[in-house]
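In case you want the letters, here they are:
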Amino acid sequence: RHISTNGREFSAQLEDLIKHWPVTPKEIVLVGYSMGGLISRSACYYAEQNAYSWRQLLTRLYCVAVPHHGSYLERGGHWIQRLISISPYSYPLSRLTAIRSAGITDLRHGNVLDEDWEGVDRFQHNDDRRTPLPLPDNVSCYAMGGILREEGKKILPWGDGLVQLSSALGQHKDSRFDLAFPEQNCCTFPGLHHFALMSQDKVYTFIHERFFD
């Protein structure tokens, strides 16, 4: 499903959860890994649109290896599909690349809202047509990204292998899309690939220490 579809449902589920919680929660903290971070940002938007009460309880948002501005994962799949569609001999193989889910194709640019994808063939080449969505107001937001290194400590250009570091940190050359995470709220983890960021103690330590700031 599309990221915005999941974001809207997640937002509604959070609202239902706090309404049925035995006591009123004092605060809500979201930790989003990879696509989960995009879903969390989408959920915040739809919570505001629906005036959900949980949004007022949200105090912190941690984004771990989140492709805020897209991922190599989907861009690679998209270009493979375009290339093998050129030849009539390889064209039938392009149907295999069309199995990619709506959520995965959203990762080409980092779509988080319905209007980012509505009315567009998601398997065709499309420029970034997102509606700029800043970080949620009155929430402390944090961004974490990894950097792969070759032997000799040379920094590789593709971040953690799937998400470019600038995308993970929300940086964009167009100021409308730049998420402007506070510098002190950003952390880069050299030597960690995308999946290692899920389980490394140093990532948890960063989150834990900032939680008690």
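Reference entry: report on the structure contained in this document. Counting of residues starts from 1 at the beginning of each chain's written sequence and follows it residue by residue. With the structure being a predicted model, the display of local features is reserved for residues of pLDDT at least 70 and the display and counting of side-chain atom pairs for 80 or more, all residues being used for whole-chain, interface and lining totals. Think of the side-chain values as coming from all heavy atoms in the structure, minus any hydrogens and water.

**Observations regarding helix α2 (residues 35–49)**
Our working definition: Every helix listed is a DSSP run of H or I at least four residues long, and every strand listed is a run of E at least two residues long, numbered separately from the N terminus. In this scheme, a helix's expected span is set at 1.5 Å multiplied by one less than its residue total. Buried means the residue's accessible area, taken with a 1.4 Å probe over protein chains only, is under 20% of the maximum for its type, while exposed means over 50%, and partly exposed covers the values in between. Contact between two residues is taken to exist if any of their heavy atoms lie within 4.5 Å; hydrogens are not considered.
Across its 15 residues, α2 extends 21 Å between first and last C-alpha, which sits within 8% of the 21 Å expected from 1.5 Å per residue. Burial analysis of α2 places eleven of its 15 residues in the buried class, the great majority of the element. The set of residues buried in α2 consists of G37, L38, I39, S40, R41, S42, A43, C44, Y45, Y46 and A47. Where α2 is buried, its residues contact α1 (3–20), β1 (28–33), α3 (54–57) and β2 (58–64). A positive phi of about 55 degrees marks A51, the residue just after α2.

**Section: the sheet that holds β2**
Note the threshold: The pairing criterion for strands is at least two bridges between them, as found by DSSP. Under this scheme, a helix contributes an axis fitted over its contacting stretch, all axes are lines through C-alpha atoms, and angles between N-to-C directions fall in the 0 to 180 degree range.
Strand order in the open sheet formed by four strands is β1-β2-β3-β4, with parallel pairing between adjacent strands. Each edge of the open sheet carries a strand with a single partner, namely β1 and β4 (186–190). Taking each pair of neighbouring strands and ignoring which way they run, the sheet shows an average axis angle of 15 degrees. Here α2 sits on the sheet and contacts β1 and β2; the angle it forms with β1, its principal contact strand, is near 140 degrees.

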